[in-house]
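# Working through the structure, step by step
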Amino acid sequence: MNTSMETKQIDPFLSIEREKKSASHAVTFDLDELMNCMRCGFCLPSCPTYRETGKEMFSPRGRIALMKGMATGNTSLLSDEFAQNMYMCLGCRACETACPAGVHYGRLVEGARDVIEAHKRKEAAASDQPLTLTRKERIIRDIVYKKLFLYPKRIDRMGKGLWWMQALGLQTFADRTGLMHILPKPLANMQKAVPKVASPRRRKARQPLVTSKRGVSRGRVGFFTGCVMDVLFFETNEKTARVLSKVGYDVVFVKEQACCGALHAHSGESYGAIALAKQNIEAFERANVDFIVNNAGGCGASLREYAHWLQDDPNYGERAKAFVAKVRDISEFLAPIDDLPFQGTLDATVTFQDSCHLRHGQGIYRQPRALLERIPGITLVELPHADSCCGSAGIYNITNFDRSMRILDDKMIEVKATKASYIVTANPGCLVQMRQGVVRAGLQGQVEAVHIIDLLDRVL
Amino acid sequence: MDKEVLRELRAISGAAYVLDSEMERYAYSYDSTPLYRAMPDVVIQPAEVKEIAAILKVASRHRIPIVSRGSGTNLSGGTVPLEGGIVLHMSRMHQLKEIDTDNLTATFESGLITADLHREVEAVGLFYPPDPGSLRVSTMGGNVAECAGGMRGLKYGVTKDYVMGIQAVLPDGSIVSFGGKNAKDVAGYDITRLLVGSEGTLAVITEITAKLLPLPETKRTIIAFYREMVDAAKAVSAMIAARIIPASLEFLDQKTMKVVEAYTPLGLPLDMAAMLLIQQDGPASQVEQDVERILSLCKTSGAVQVDVAKDDEEGEKLMSARRNALSALARVKPTTILEDATVPRSRLAQMVTEINRIADHYGVDICTFGHAGDGNLHPTCLTDERDTEEIERVEQAFAEIFHAAIRLGGTVTGEHGVGIAKAKYLDLKIGEAGMELMKRVKAAFDPHGIMNPGKMFAKDARRRVVIQTHEHVHGN
Ligand SMILES: Cc1cc2nc3c(=O)[nH]c(=O)nc-3n(C[C@H](O)[C@H](O)[C@H](O)COP(=O)(O)OP(=O)(O)OC[C@H]3O[C@@H](n4cnc5c(N)ncnc54)[C@H](O)[C@@H]3O)c2cc1C
Ligand code: SF4
Ligand code: SF4
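Residues numbered from 1 in each chain as written. Chains lettered and ligands numbered in written order. Predicted model: local features only at pLDDT ≥ 70, side-chain atom pairs only at ≥ 80, totals over all residues. Heavy atoms only, no water.

### Section: the overall build of chain A
On a plain count of helices and strands, chain A comes out with 27 helices and nine strands. Residue burial in chain A is summarised as follows: out of 460 residues, 59% are buried. Across chain A, every contact between residues at least 6 apart in sequence was considered, and the portion connecting residues at least 24 apart equals 79%. About 19200 Å² of surface is accessible on chain A, with carbon and sulfur atoms providing 54% of the total. (Helix = DSSP H or I, 4+ residues; strand = E, 2+ residues; numbered from the N terminus. Buried < 20%, exposed > 50% of the residue type's maximum accessible area, 1.4 Å probe, protein only. Contact = heavy atoms within 4.5 Å. Areas by Shrake-Rupley, 256 points an atom, 1.4 Å probe, with all protein chains shown as cover.)

Following this line, the structure appears as structure tokens:
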């Protein structure tokens, strides 16, 4: 893949942005934000990659210093080594929570990745050499960012494909025959953790509007389904709508909604993220809803960034702000409701793993715990280091497989020690990762990884 | 750096721990001190004392500078490798070797994080009092090398009051140990104490034995607001005169209160000139008694409002006003320069008045907070390092503040160390003969001048060109 091919590729809603970008090469660092870092180092102990390596350049302070170096003219720092470093960062934003100066690290690392990708495109254009990505990286990136996530229909088709594969027992077949050994290891591993996908029939049968089951409607909720979430966790989405309706809300599955843009933004593909943001803003405006509720920490954090992404856009700036004001995570939405109509009990010990983008990205961590504690019969045991990343981190568990698994295995030791029978999560990425962790730690049958909604649906 | 030397170093520490790419070196070109940066030639992460000895032998032979580094949180430029050379990053040497509950001591490697030591000793009912604001990040080696203080300094003293023994490596590679678990020990010069606060200019500290205390039973927190700084200072003197020594006695001036309140609303009355935060710990009955007396002393000295926290949680919330001070200030402007002028506590009010006068005179934004009980002030300047003209005025203002501190019988640094930032003010405090003696001590340890060169002694500093022109260098 080189740039000449890339620019020829016709892209329905991205071509304009793309051209603008490549014409100016105006992708730069946000120096003002970089200057906010006072180098105090308070973020060091919270950073998984610093804790693991003990090396300053793999700390948030180190990464920011490198960005700042570049932003102020040390261009020779822009190397493959730097690029690897920026992609080695989990993007978990634990450093943001720790930072006394309020540095928006998440935005900075996204900016750095943009710079890297722009630089790669530029270099490739200048030299006509292939991009300096590894083959594996290139394939994954290409599939993920260009071929799949920009097109809701394709994600839908992927869902169907997965269902057929599972229905025909291919997964078991692949497991048994060792076909798994041929797949790249990360994908093979993930495969085991992927839940049973809903059948095309079941997916088609979805009601676009679920009305309040509690008499008068308390309001109209637009449900942001999330693209991956809606394929892999279709049932969890259905349950979320059901729970909301039992609590007294009308729930709309807003048509024409797209991926939230997180994957693009985190991977130096911000042009894609912005296009998706605009599409979502329009879709939810048309749906005329009071709230935009989601059940995926990663998506939620990204939805809340829309106002920032579009702040200079004369057309979308204000609309993005209005959109963000309506965004709620499902736990955030449910926790303040005093009269949740609990019907059943759950006599079990559970523990909760924070979603980084829920806790560090959106500051939501009390609400899911408070909700769990309200479930009749439940015992909530706090997981030590629950606020530390599980290693899933978007597609980190594919791109940085070994490091991700080291982080996960450490996490599972702590999960096991809580003696909980459920490990509760609040984000699909974390859920897949925790399932994989349960398998790796040999805890099947003892510990089940679930989404918080799975539990709430049982008792409401 | 010479290829052959690099090969030697790799043979000692293993290639994974010898870092010399541009990116790696760049990440060790700074610490928490604003404005300073210089590139090392190589960074090494040693695993044990023998490695350090071997590295120092190589460095001595080739006259390569050695800069010891804990977590790089110091505020005086102490770990900026002004003359390049080797940065020894101690992050791998963090083992807590022993907590001796009979002798009440702890022995550990110097890369141990301060908060980890706190946690471990408190788990067995013991107490290591020094608590620098950076304790979750800083290493004990860095604490010892800077003689770090903290909020409990008034009652419990600072790092030097707890260091009983040190193992260190001298520049020629010899491994030495001084002091130990003996409560009394007068065998020879007190080299242990000399190494405390030596800022990496004499030796590399590898192991420390620290004194521990029993963990205090309870603590209570009081907050008092004053319309006049002088009254707040009076309260401080009154407490000491009444023979009450609180564990912490901290203050914030009006400007700092405003910024803190904007950062985390605590309901501080912003029309006040100053607030005092007082914490007492000890046996419950004693603490109750002290709290009563402190309350009445605060009132008689003119406090407009005095409150006692109802429990630990509320106490912590109040103390957070002080703990958050620097963080909150840091959000206001791109560059935050925290200083460390200290006066005898009886001169506190005078010093604050001086600081405000000087800030006005130079038209710079300075907020002051600090350890009222120790007279240790942190005048903090909010500025923007890109504005070279303003930075010039900031420099002048601080120079005048240090002179004022000395005039009032104080010192140029209470706890942050000399490093580069205070090097040119050191002689103000200790005079020419004092400087000469210090230099001879330094030469006795470090004849080739390879240990953290350019720190402590300004005049000898052959300054390496700081690699970025826009980053302003003090003293240029
Ligand atoms: C937000 C903030 C708050 C702070 N609050 C306080 C406070 O309340 N009180 C206070 O006193 N300080 C405070 N500091 C300053 C700083 O944290 C302390 O000086 C701390 O002791 C430094 O520890 P470090 O591990 O980061 O050392 P570094 O910064 O890495 O090193 C400091 C100095 O010690 C030397 N050194 C480090 N390790 C060794 C070793 N093993 N052998 C020999 N020399 C060594 C270095 O060469 C350098 O000169 C604060 C800093 C920040 C950023
Ligand atoms: S986002 Fe996570 S991994 Fe990246 S620098 Fe911050 S704490 Fe470290
Ligand atoms: S905690 Fe914030 S200000 Fe401090 S070094 Fe990290 S990012 Fe910079």
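### Some remarks on the domain arrangement of chain B
All names here are of chain B. Domain annotation for chain B reports domain 1 (93–214), domain 2 (218–318) and domain 3 (333–416). Taking the mean C-alpha position of each, domain 1 and domain 3 sit 29 Å from one another. If you look at the interface, domain 1 gives eight residues, while domain 3 gives six residues. Taken together, both faces of the contact between domain 1 and domain 3 bury some 450 Å²; the carbon and sulfur share is 45%. Counting the surface domain 1 buries against domain 3, the share from its top three residues, Glu146, Gly150 and Leu154, is 67%. Seen at the junction of domain 1 and domain 3, the total is zero salt bridges. Across the contact surface, domain 1 and domain 3 share two residue pairs in polar contact (both at pLDDT 80 or more). Here the residues of the side of domain 1 that touches domain 3 sort into four nonpolar, three polar and one charged. (Domains from an automatic or database assignment. Buried area = accessible area lost by both parts, 1.4 Å probe. Salt bridge = Lys/Arg side-chain N within 4 Å of Asp/Glu carboxyl O. Polar contact = N/O pair within 3.5 Å; in protein donor to acceptor, adjacent residues only side chain to side chain. Nonpolar A, V, L, I, M, F, W, Y, C, P; charged D, E, K, R; others polar.)

### Some remarks on the sheet that holds strand β9 (residues 175–179) of chain B
Residues and elements named next belong to chain B. The strand order β5-β6-β10-β8-β9 describes an open sheet built from five strands, whose pairing is antiparallel. Each having just a single partner strand, β5 (96–100) and β9 make up the two edges of the open sheet. In this sheet, adjacent strand axes meet at a mean angle of 10 degrees when their direction is disregarded. The pairing of strand β8 (residues 163–169) with β9 spans five bridges and is classified as antiparallel. Looking across to β9, one finds that valine 169 is bridged to isoleucine 175. Contacts between helix α3 (residues 49–62) and the sheet are confined to β8, β9 and β10 (204–211), with β8 contributing the most and set at about 50 degrees to the helix. Most of the contacts of helix α4 (residues 114–123) go to β5, to which it runs at about 35 degrees, and overall it touches β5 and β6 (105–109). (Pairing = 2+ DSSP bridges. Axes fitted to C-alpha atoms, helices over the stretch in contact; angles between N-to-C directions.)

### What about the pairing of strand β8 (residues 422–425) of chain A?
All names here are of chain A. Across the two faces of β8 the burial is the same, with Tyr422 and Val424 and Ile423 and Thr425 all buried. Note: strand β6 (residues 349–352) against β8, three bridges, orientation parallel. When the bridges of β8 are listed, valine 350 appears paired with tyrosine 422. Examined bridge by bridge, β8 and strand β9 (residues 448–451) share four bridges and lie parallel to one another. Of the residues in β9, the one forming a bridge with isoleucine 423 is alanine 449.

### Some thoughts on unusual backbone geometry
For A:Asn288, which is not glycine, the phi torsion reads 55 degrees and is therefore positive. When you line up the elements, A:Asn288 lands in the loop between α17 (270–287) and β4 (291–294). Residue classification places A:Asn288 among the exposed residues on the basis of a relative accessible area of 59%. Not every positive phi belongs to a glycine, and B:Cys147 is a case in point at roughly 50 degrees. Turning to its location among the elements, B:Cys147 is positioned in the loop between α5 (140–146) and α6 (153–156). Exposure remark for B:Cys147: the relative accessible area of 14% places this residue in the buried category.

### Re the site of ligand 2
Residues and elements named next belong to chain A. Around ligand 2 sit Cys47, Pro48, Pro60, Arg63, Cys89, Leu90, Gly91, Cys92, Arg93, Ala94, Cys95 and Tyr105, and that is every residue in its neighbourhood. Taken together, the elements giving at least two residues each to the shell around ligand 2 come down to α5 (60–71) and α7 (94–98). Classifying every residue of the shell around ligand 2 by side-chain character gives nine nonpolar, one polar and two charged. (Near = heavy atom within 4 Å.)

### Comments concerning the sheet that holds β8(A)
Pairing between the strands of a sheet is mediated by backbone hydrogen bonds and can be parallel or antiparallel. Residue and element names in this part refer to chain A. Taken in spatial order, the four strands of this open sheet run β7-β6-β8-β9, and their pairing is parallel. Lying at the two open borders of the sheet, with one neighbouring strand each, are β7 (379–381) and β9. Put simply, the sheet's adjacent strands are angled 35 degrees from each other on average, direction ignored.

### Digging into the packing of aromatic side chains
Aromatic rings considered in pairs are described by the distance between their centres and by the relative angle of their planes. Residues and elements named next belong to chain A. As enumerated under the stated definition, the model contains 11 aromatic pairs over all chains in all. Ring geometry for tyrosine 249 and phenylalanine 333: centres 4.9 Å apart, planes at 65 degrees, overall edge-to-face. Remark: phenylalanine 333 occurs in helix α21 (residues 330–334) and tyrosine 249 occurs in the loop between α15 (234–247) and β3 (250–253); sequence separation between them is 84 residues. Judged on exposure class, the residue tyrosine 249 and its partner phenylalanine 333 are both buried. Note on phenylalanine 291 and phenylalanine 333: the rings are 5.1 Å apart at their centroids and 70 degrees apart in plane angle, and the pair reads as edge-to-face. In this pair, phenylalanine 291 sits in strand β4 while phenylalanine 333 sits in helix α21, placing the two residues 42 residues apart along the sequence. A network of ring pairs unites the aromatic residues Phe224, Phe284, Tyr306, Trp309 and Phe323 as a single cluster. Positioned above the aromatic ring of tyrosine 365, the side-chain terminus of arginine 359 is 4.1 Å from the ring centre. (Phe/Tyr/Trp six-rings, centres within 6.5 Å; stacked < 30°, edge-to-face > 60°. Lys NZ or Arg CZ within 6 Å of the ring centre and 35° of its normal.)

### A word on the pairing of strand β12 (residues 218–226) of chain B
Residue and element names in this part refer to chain B. Summarising the sheet, β12 and strand β14 (residues 274–282) pair through nine bridges and their orientation is antiparallel. Looking at β14, one finds that phenylalanine 225 is bridged to methionine 275. By the bridge criterion, four bridges tie β12 to strand β15 (residues 305–308) in an arrangement that is antiparallel. The residue bridging alanine 224 from the neighbouring strand is valine 306, located in β15.

### Some details on the site of ligand 1
The immediate surroundings of ligand 1 are formed by 36 residues, with B:Ser68, B:Gly70, B:Thr73, B:Ser134 and B:Thr139 found nearest. Those residues lying near ligand 1 are distributed over chains A and B. Taking B:Gly72, its main chain carries an N or O atom lying 2.8 Å from an oxygen atom of ligand 1. When the free accessible area of ligand 1 is taken as 980 Å², the share hidden by the protein chains comes to 97%. Those elements giving two or more residues to the shell around ligand 1 turn out to be β3 (66–69), α5 and β10 of chain B. Among the elements that take part in the shell around ligand 1, α5(B) stands out by supplying five residues, more than any other. Looking at the shell around ligand 1, its residues break down into 11 nonpolar, 21 polar and four charged.

### Concerning the packing of helix α8 (residues 229–241) of chain B against helix α13 (residues 348–362) of chain B
All names here are of chain B. Relative orientation of the contacting elements α8 and α13 amounts to 150 degrees, with a least axis distance of 8 Å. One element, α8, and the other, α13, form an angle in the roughly antiparallel class. α8 and α13 meet at a crossing whose hand is right-handed. Touching Met229, Val230, Ala233 and Val236 of α8 are Leu348, Ala349 and Val352, all from α13. Counted by class, the contact of α8 with α13 contains seven nonpolar, no polar and no charged residues. (Parallel < 35°, antiparallel > 145°, perpendicular 65-115°, else oblique. Left-handed = near helix turned anticlockwise from the far one by under 90°.)

### Some words on the interface of chain A and chain B
With 34 residues of chain A at the interface, the matching set in chain B holds 41 residues. Across the chain A/chain B interface, buried area totals approximately 2900 Å², and carbon plus sulfur atoms make up 54% of it. Scanning the region where chain A abuts chain B turns up three salt bridges. Linking chain A to chain B there are 20 residue pairs in polar contact (both at pLDDT 80 or more). Sorting the residues of the side of chain A that touches chain B by element identifies α3 (31–35), α4 (48–53), α5 and α6 (80–88) of chain A as the ones contributing at least two each. Looking at the side of chain A that touches chain B residue by residue, the classes come out as 17 nonpolar, 10 polar and seven charged.

### Overview of the side chain of A:Arg369
Residue and element names in this part refer to chain A. Mapped onto the secondary structure, arginine 369 falls in helix α23 (residues 366–374). When its relative accessible area of 10% is taken as the criterion, arginine 369 is described as buried. Setting aside its immediate chain neighbours within four residues, arginine 369 contacts Phe352, Asp354, Arg359, Leu380, Glu382 and Ala386.

### Topic: the packing of α23(A) against helix α27 (residues 452–459) of chain A
Residues and elements named next belong to chain A. Across the interface, α23 lies against α27 with an axial gap of 11 Å and an inter-helix angle of 30 degrees. Overall, the two elements α23 and α27 adopt an arrangement that is roughly parallel. α27 is crossed by α23, and the crossing has left-handed handedness. Residue-level contacts link Pro368, Leu371 and Leu372 of α23 to Ile452, Leu455 and Leu456 of α27. A per-class count over the contact of α23 with α27 returns six nonpolar, no polar and no charged.

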